[in-house]
Amino acid sequence: MIHSFIGDLGHLFAITAFITAFFSSTCYFKATVAGDLSVKDRWRTDGRTFFFIHAASVLGVVISLFCIIYNHYFEYHYAWNHSSRRLPTHYMISSFWEGQEGSFLLWMFWHAVLGSVLILTNKFWESPIMTILTLVQAFLASMILGVVIPGLELKIGSSPFILLRDAIDAPIFKENPDFIPQDGTGLNPLLQNYWMVIHPPTLFLGFATTIIPFSYCVAGLWLRKYREWVRPALPWALFSGAVLGLGILMGGYWAYETLNFGGYWNWDPVENAVYVPWLTLVASIHTMITFRKSSTALKISVILVIATFILILYSTFLTRSGILGNASVHSFTDLGLSGQLLIYLLVFMVLAIVLAAIRWKELPTTEKEVSTYSREFWILIGAITLCLMGFQVLVPTSIPVYNNIVELFGGVSNLAPPADQIEYYSRFQLWFAVAVALLSGTGQFFWWKKMDRQQLLSDLTGPMVLTLIISAAIILIFDIGDPSLIVLLVAGVYTVVANAKILVNVLKTSPKLSGGAITHIGVGLMLIGILFSSGYSRVVSLNNTGLLISRELDEEFNRENLLLFINEPRTMNNYNIKYNGERLEPTERSGLVKKDEVTRIDEFTAVANRDLFFEGKKLFEARDTFPIHSENTYYEIELTSQSSGKKYHLYPRIQDNPTMGLAASPAIKRDFSKDLYAHVVSRLSHDDVEWSELQEFRISPKENFFVNDYVAQVEGLERIFDVQGVDLSEEDVAIRGYVKIQGEEKEYEAQPVFLIKNGLVGRIPDEVNDLGLRVSLMNIYPEESKFTVGVSTRQKDWIILKAIEKPLINVLWLGTLLLVFGFGVAVVRRYTEFKKMREKGVE
C-alpha cells in the first residue's frame, strides 16, 4: 500500500513554508518603511505571525520526510535513493540530508531557529533584518517546492515527496503502478560514519548564520544606521566564524578517518568553496572589531560582510548546479535547479551591491592618517592577506564556471583545474599562511597599546629570541631541511609564543578579553601540526622482501606496499606485523567477530558457531543468530612493538556496496607524538577465487591426514535434523562431520554436511576461510567405521597494506580545539556587550 497521506502532508507543509516566508518578508518590509508607529507595529505583528507559521511548516516538512525514511516507505524516491532497512537510526538521520532536498531543508530549519532567536532577542532591528532573512527563506523554500506552473511547464524546485514511480521510468511501474521495492539502495558507504551525523548540521548552521551579519549590514545601509549595525552583528559574525570553522574542521577529521588518501584536506572544489567564505568572514570579524575600537574600516567591513554571504551562495551554486561535473567528489548531481540557484545568487548579489553603491558616499570615514605602528594598519594588512588567500583558491576553483560562461556565448574554453590539486594550492597557501602567522603574532601587540618603533622592538625581542631558540631545537630534532617548511615552522612557533605572552598578560587583568590570543595560538599550533603531518609524513609499509608484488603495477606501488598472507609474520618499521584474517561487524553489538567462527544465513544474518569474543568481551553465545553489516569487512592487523613487545590491533575496513563499489577506510593507531595510518589497498576476492581439484581421504575417526600441509582429523559425526535452506522429512538423513584442522596460530573446525534426501545424495561443504580450505563429507561407510573426506584448496587469504606515519598530527587537532574555544570566548564577550547596550535601550 502506498502511504500517500504523509507525502501529501509534507508537500503541503513545503508549499505553506514558501508562501508564509514570502508573506512574512512582505509584512516586515512594510513594517520597516512605515512611518506611523501603530502601522509599523501592526505590520511587524503580521510578519511575526507568518514567520512562526513558516517555522512550524518547516518543522512539519522535516518530520514528514524523516517519518518516510524511518518507516521505510520506499514508494518515495528520496527514501529509496538514500536509505535502506539495514541502516541504524543514526545513519537514517544522515540519509535525511544526503540528498539535495534534505540539505536545503536542513538549511531552512536552521534559518527558522535563528529567525526565532532574533525575534525574541532584538526587537530594535527585527523588521529590517527579518525582511532579509525571510526573503532568503522564500528562495530556499522554492528549492523543495516541486511544483509545475501550468501553461509554462516551468518546474520550480525538486520535492523530496515525489513518488518513485514518478521519478524513474521503469517497466515495472507500467505493469504495476503500485509496486513498492522491498528495500532502498542505501546510504553512501563513505557517509556511514558518526562524523556524518554531526558534521553536516554543524556546517549548515555555519552557512545559516552568515545571513545574520549580512542582514544587519543591509539593514544598516537601508536605514542609514551606518555605525549602529556593527555592534549587534559582531557577536553573530564571531559565532558564525566559530561554527563554520568547526564544521570545516569536522569535515577534515571525517576525511582523515574515512577516506584513504592519507590526509584531511584534499583541496577539492567543494572544500575550497566553503574555505573561501570562511576566510572572508574571519577578515570581516577583524575589520568590524577595528571599527568598534577606532571608527575606521567601516567600508571594508561592509564589503567583506556582503562578500561572505555572496560567496556562501556561490558555493551553493557550485556544489548543487552540476557545473563542477566530475571535478569534485562532493558535488551533487544537477536536479534541474541550476537556473533557480543562479537567480538566488544574482538577486542578493545585485541587491546588496546596488544598495552599498547608493549609500557608499554617505558611509562615515575618518580623516586620521593610518600609522604603520597602529593596530588599524596591521588589521587592514591582515584582512587583505586573508582575502588574497581566498582569491588565490577561488580563481582556479571557478574554472568550470568560466568554461561554461565562454561556451554559453558560443566560444570554446579548454581550461582545466590543476591536475595535482594538493601540490598546486599548497604551494601558494603556504606563503599566505606564513604571512597570516606573522601578522597574527605581531598585530596582537598593537591591539593592546599604542606603539612606536622603539616600543615595538622592545616588546618583540623576547618572543623573537624564544621563537628562534624553539625553532632551532625543533629543526635539529626533526632534521627539517626544506627552506619553505623552516619558514612556516618559525612563523607558526612565533605566533604561539607571541600570543602566549599576550595571553599571560590578559589573564592577569581581564580573562574575558583572551579570545583573540587563544584563537591565534590555535592557528599557530595548526600550522605546526600541518607542517609535520603533511610535510614529514612517511610511508612505513616498505616492501623489504626484494620481490615484486606484481609486475603489472608500477615501481612506487611495489616499493610502498606490503603483501601480507594470513598468519605469516613480517616486519614493518619498528613492528612485527601479521594479518590475522577477516572480521564481520554485528549491527547491534559493539565489536567484531571472526568470519571463520560464524555461518552466514544470508547476506545480512549470521549464526555463531561457538561463543564469540572481541577484546575479551563476550558478544554472542554459540548458536546465537544476529544481524551483520553486509557491506563491511574488517581486516585484523596485529602489530607487535620490537622494543617493548606490546601488541596492538588495527582494523582497516573495506565497504563493498553493490551500487557504489568498493571503498577503503583506514585504521589509525594513535600515539601522543604521531599516528600510524593504515589502509587495505587490495585483498583476495573470494568471488573470483579458483579452487583446486577435490582430493579425497578415506579415513577412520581420530585418524590424522594432511591437507595443504595442515594436520587434520575427523573428531566425529552427528545426525542433525535442521539444515539451513533444506526442508527435511522424517525419511531424509543429514549427517554433520566435525573436522579439526591445526593451523599456524590455532585450531580450526570445519562442519561439512552429508545429506540423503528423497533417495538422492547431497553434500554441503564448509570453508575454512583463513586456511583456504573447502571440506566436504563425501561418503560414510558405517560397516567399516570409515568415511571419505574431500578437500579443495585455494590460495591463502592475503591483503596488500599501505601504512603511513604522520608525526605531530595531534598538534593540529589541539590547535583546532583552541581555535574554536577562542572564538567561543570572544562570542560570549561581544554578546555580553550587546546585551548591556540593549538593556539600556540603545540596541
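Being a predicted model, the structure only gives us computed values, none of them experimental.

Conventions used here
Residues numbered from 1 in each chain as written. Predicted model: local features only at pLDDT ≥ 70, side-chain atom pairs only at ≥ 80, totals over all residues. Heavy atoms only, no water. Helix = DSSP H or I, 4+ residues; strand = E, 2+ residues; numbered from the N terminus. Buried < 20%, exposed > 50% of the residue type's maximum accessible area, 1.4 Å probe, protein only. Contact = heavy atoms within 4.5 Å. Phe/Tyr/Trp six-rings, centres within 6.5 Å; stacked < 30°, edge-to-face > 60°. Lys NZ or Arg CZ within 6 Å of the ring centre and 35° of its normal. Expected span 1.5 Å × (residues − 1). pLDDT = per-residue confidence, 0-100. Salt bridge = Lys/Arg side-chain N within 4 Å of Asp/Glu carboxyl O. Pairing = 2+ DSSP bridges. Axes fitted to C-alpha atoms, helices over the stretch in contact; angles between N-to-C directions. Parallel < 35°, antiparallel > 145°, perpendicular 65-115°, else oblique. Left-handed = near helix turned anticlockwise from the far one by under 90°. Nonpolar A, V, L, I, M, F, W, Y, C, P; charged D, E, K, R; others polar. Patch = residues over 30% accessible without salt bridge, like charges linked within 9 Å, V, L, I, M, F, W, Y side chains within 5 Å. Areas by Shrake-Rupley, 256 points an atom, 1.4 Å probe, with all protein chains shown as cover. Polar contact = N/O pair within 3.5 Å; in protein donor to acceptor, adjacent residues only side chain to side chain.

1. Topic: the overall build of the protein
Move 1: Scanning the protein from N- to C-terminus turns up 22 helices and 29 strands.
Move 2: Based on the C-alpha atoms only, the size of the protein along its principal axes is roughly 110 × 75 × 55 Å.
Move 3: Counting over 843 residues, the protein shows a buried share of 55%.
Move 4: Contacts in the protein between residues far apart in sequence, at least 24 positions, make up 68% of those at least 6 positions apart.

2. As for the packing of aromatic side chains
Move 1: Enumeration over the complete set of coordinates arrives at 40 aromatic pairs.
Move 2: Aromatic pair Trp195 and Tyr253: ring centres 5.2 Å apart, planes at 65°, arrangement edge-to-face. With Trp195 in helix 9 (residues 195–209) and Tyr253 in helix 11 (residues 230–258), this pair connects stretches of sequence that are 58 residues apart. Tyr253 shares its class with Trp195; the two are buried.
Move 3: Geometrically, the ring pair formed by Phe614 and Tyr651 is tilted, given 5.6 Å between the ring centres and 55° between the ring planes. Here Phe614 is found in strand 10 (residues 612–614), whereas its partner Tyr651 is found in the loop between strand 14 (647–650) and strand 15 (653–657), with 37 residues between them in sequence.
Move 4: By relative accessible area, Phe614 is classed as buried at 16%.
Move 5: Each residue in the set Tyr194, Trp195, Tyr253, Tyr256, Tyr264, Tyr677 and Trp813 is aromatic and connected to the rest through ring pairs, giving one cluster.
Move 6: Residue placement shows Lys669 over the ring face of Tyr648; its charged tip is 4.1 Å from the ring centre.
Move 7: Taking the ring centre of Tyr781 as reference, the NZ or CZ of Arg698 above it sits at 3.9 Å.

3. A closer look at helix 10 (residues 211–223)
Move 1: An ideal rise of 1.5 Å per residue puts 18 Å on 13 residues; helix 10 measures up with 18 Å between its terminal C-alpha atoms.
Move 2: A large share of helix 10 lies buried, amounting to twelve of its 13 residues.
Move 3: Looking at helix 10, one finds that the buried residues are Ile211, Ile212, Pro213, Phe214, Ser215, Tyr216, Cys217, Val218, Ala219, Gly220, Leu221 and Trp222.
Move 4: Once helix 10 ends, the next one or two residues include Arg224, with phi positive near 60°.

4. Section: the confidence of the model for the protein
Move 1: Scored by pLDDT, the protein comes out at a mean of 88, with 95% of its residues at no less than 70.
Move 2: The least confident element of the protein, judged by mean pLDDT, is strand 16 (residues 661–665) at 81; the most confident is helix 10 at 96.

5. Structural notes on the pattern of salt bridges
Move 1: Enumeration according to the criterion identifies 28 salt bridges in this entry.
Move 2: Between Asp41 and Arg44 there is a salt bridge whose closest N-O contact spans 2.6 Å. Within this pair, Asp41 and its partner Arg44 are both found in helix 2 (residues 37–70), separated by three residues, close to a single helical turn.
Move 3: The salt bridge involving Glu638 is made with Lys578; its shortest N-O contact spans 3.9 Å. Residue Glu638 is found in strand 13 (residues 632–641), and its partner Lys578 is found in strand 6 (residues 575–584); the two are separated by 60 residues along the sequence.
Move 4: In the salt-bridge network here, residues are joined through shared partners; they are Glu555, Arg559, Glu560 and Lys802.

6. Observations regarding the pairing of strand 21 (residues 710–719)
For a regular strand, side-chain orientation follows a simple rule: the groups alternate between the two sheet faces.
Move 1: Note that strand 20 (residues 705–707) and strand 21 share three bridges and pair antiparallel. Residue pairing across strands places Val707 opposite Tyr710, the latter belonging to strand 21.
Move 2: What sits between the antiparallel neighbours strand 20 and strand 21 is a turn of two residues, in which Asn708 has the positive phi angle 55°.

7. Points about the sheet that holds strand 8 (residues 598–602)
Move 1: The strand order 8-9-12 describes an open sheet built from three strands, whose pairing is antiparallel. Only two strands of the sheet have a single neighbouring strand rather than two, namely strand 8 and strand 12 (625–627). Sheet twist, expressed as the average angle between the axes of neighbouring strands with direction ignored, equals 35°.
Move 2: With three bridges joining them, strand 9 (residues 605–608) and strand 12 adopt antiparallel strand pairing.

8. Considerations on the packing of helix 12 (residues 269–294) against helix 13 (residues 298–320)
Move 1: For the pair helix 12 and helix 13, interaxial distance at closest approach is 8 Å and the crossing angle is 165°. Here helix 13 runs roughly antiparallel to helix 12, going by the angle between their axes. In this structure, helix 12 meets helix 13 at a crossing whose hand is left-handed. Note on element contacts: helix 13 touches helix 12 through Leu298, Ile300, Ser301, Leu304, Val305, Thr308, Leu311, Ile312, Ser315, Leu318 and Thr319, opposite Val270, Ala273, Val276, Pro277, Thr280, Leu281, Ala283, Ser284, Thr287, Met288 and Phe291.
Move 2: Considered class by class, the residues forming the contact of helix 12 with helix 13 number 15 nonpolar, seven polar and no charged.

9. Points about a nonpolar patch on the surface
Move 1: A cluster of nonpolar side chains, Leu342, Leu346, Val350, Val354 and Ile358, forms an exposed patch at the surface whose accessible area comes to about 410 Å².
Move 2: Among the structural elements, Val354 can be located in helix 14 (residues 338–359).
Move 3: Using a relative accessible area of 42% as the deciding quantity, one classes Val354 as partly exposed.

10. Looking at the side chain of Ser541
Move 1: Note that Ser541 resides in the loop between strand 3 (538–539) and helix 21 (555–560).
Move 2: Assessed through its relative accessible area of 0%, Ser541 is described here as buried.
Move 3: Polar contacts involving the side chain of Ser541 include one to the main-chain carbonyl oxygen of Glu560, which spans 2.8 Å.
Move 4: When neighbours within four sequence positions are excluded, Ser541 is seen to be in contact with Arg559, Glu560, Asn561, Leu562, Met572, Leu801, Lys802 and Ala803.

11. Remarks on the packing of helix 9 against helix 11
Move 1: In contact at an axis separation of 8 Å, helix 9 and helix 11 are set at 150° when each is read in the N-to-C sense. Judged on the interaxial angle alone, helix 11 and helix 9 are roughly antiparallel. Crossing geometry of helix 9 relative to helix 11 is assigned as left-handed. Here Trp195, Met196, Ile198, His199, Thr202, Leu203, Leu205, Gly206, Phe207 and Thr209 of helix 9 lie close against helix 11, whose contacting residues are Phe239, Ser240, Val243, Leu244, Leu246, Gly247, Ile248, Met250, Gly251, Tyr253, Trp254 and Glu257.
Move 2: A breakdown of the residues in the contact of helix 9 with helix 11 according to their chemical character gives 14 nonpolar, seven polar and one charged.

12. Comments concerning the sheet that holds strand 28 (residues 786–793)
Move 1: Strand order across the open sheet formed by four strands is 19-28-27-26, with antiparallel pairing between neighbours. Unpaired on one side and paired on the other, strand 19 (695–699) and strand 26 (766–768) mark the two borders of the sheet. Averaged over all pairs of adjacent strands, the angle between their axes in this sheet comes to 30°, without regard to strand direction.

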